[in-house]
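Fold and contact review
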Amino acid sequence: MRTILIAAVLAIPSTAFAADGAALFAAKACTACHHPANDQTAMGLGPSLKGISTAYKDKKPDLVKFLAADPTAKPIVKPELYPVMQAQQMVTKALSDEERGAIADFILTH
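For the structure given in this document, a descriptive report is provided here. Computed from a prediction, not measured in an experiment: that's the story for all the values here.

Positive phi values are uncommon outside glycine, yet alanine 29 reaches one of about 65 degrees. Mapped onto the secondary structure, alanine 29 falls in the loop between helix H2 (21-27) and helix H3 (49-55). Given a relative accessible area of 40%, alanine 29 falls into the partly exposed group.

For an α-helix, the turn length of 3.6 residues means that residues three or four places apart are oriented alike. Over its twelve residues, helix H6 (residues 97-108) extends 16 Å from the first C-alpha to the last, a length consistent with the 16 Å expected when each residue adds 1.5 Å. All of the buried residues along H6 are Arg100, Gly101, Ala102, Ile103, Ala104 and Ile107. As for H6, its buried residues are in contact with H2, H3, helix H4 (60-67) and helix H5 (82-93).

Of all hydrophobic cores here, the largest spans 17 residues; its most connected members are Phe25, Ile52, Leu63, Ile103 and Ile107. Contributions of two or more residues to this core are made by H2, H3, H4 and H6.

On to the pattern of salt bridges, then. All chains considered together, the criterion is met by two salt bridges. One salt bridge in this structure joins lysine 60 and aspartate 105, with 2.8 Å as the shortest N-O distance. Placement of the pair is lysine 60 in helix H4 and aspartate 105 in helix H6, with a sequence separation of 45 residues. Residue aspartate 97 is joined to arginine 100 by a salt bridge in which the shortest nitrogen-to-oxygen separation is 2.5 Å. Highlighted residues: aspartate 97 and arginine 100, both in helix H6, separated by three residues, approximately one helical turn. On the basis of relative accessibility, which here comes to 7%, the residue arginine 100 falls in the buried class.

Parameters and conventions
- Residues numbered from 1 in each chain as written.
- Predicted model: local features only at pLDDT ≥ 70, side-chain atom pairs only at ≥ 80, totals over all residues.
- Heavy atoms only, no water.
- Helix = DSSP H or I, 4+ residues; strand = E, 2+ residues; numbered from the N terminus.
- Buried < 20%, exposed > 50% of the residue type's maximum accessible area, 1.4 Å probe, protein only.
- Expected span 1.5 Å × (residues − 1).
- Contact = heavy atoms within 4.5 Å.
- Core = buried A, V, L, I, M, F, W, Y, C linked by side-chain atoms within 4.5 Å.
- Salt bridge = Lys/Arg side-chain N within 4 Å of Asp/Glu carboxyl O.

Below you can see the structure in the form of structure tokens.
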């Protein structure tokens, strides 16, 4: 029985254990400020996911560093609104590297 259970676990694709970026994005309240297509910066909220994705195209490591609140990662999308994001970075900073990567992957699909 133990051998069958181990074989069954090993047969599960590793992606089954991967963090779900869309679910994390919603669960961590990112949707409160970031809309998939609509830029809400005129209201003091965040840029659209499309805008972020465009700015970070081919720069996933930079986006992950930004989500980790790495002091070397400067905001490149609407830097004037960065103080709003700083509070949220306390949440994203507490995530695992895998979770931040999953959120970055989700953002970059827009």
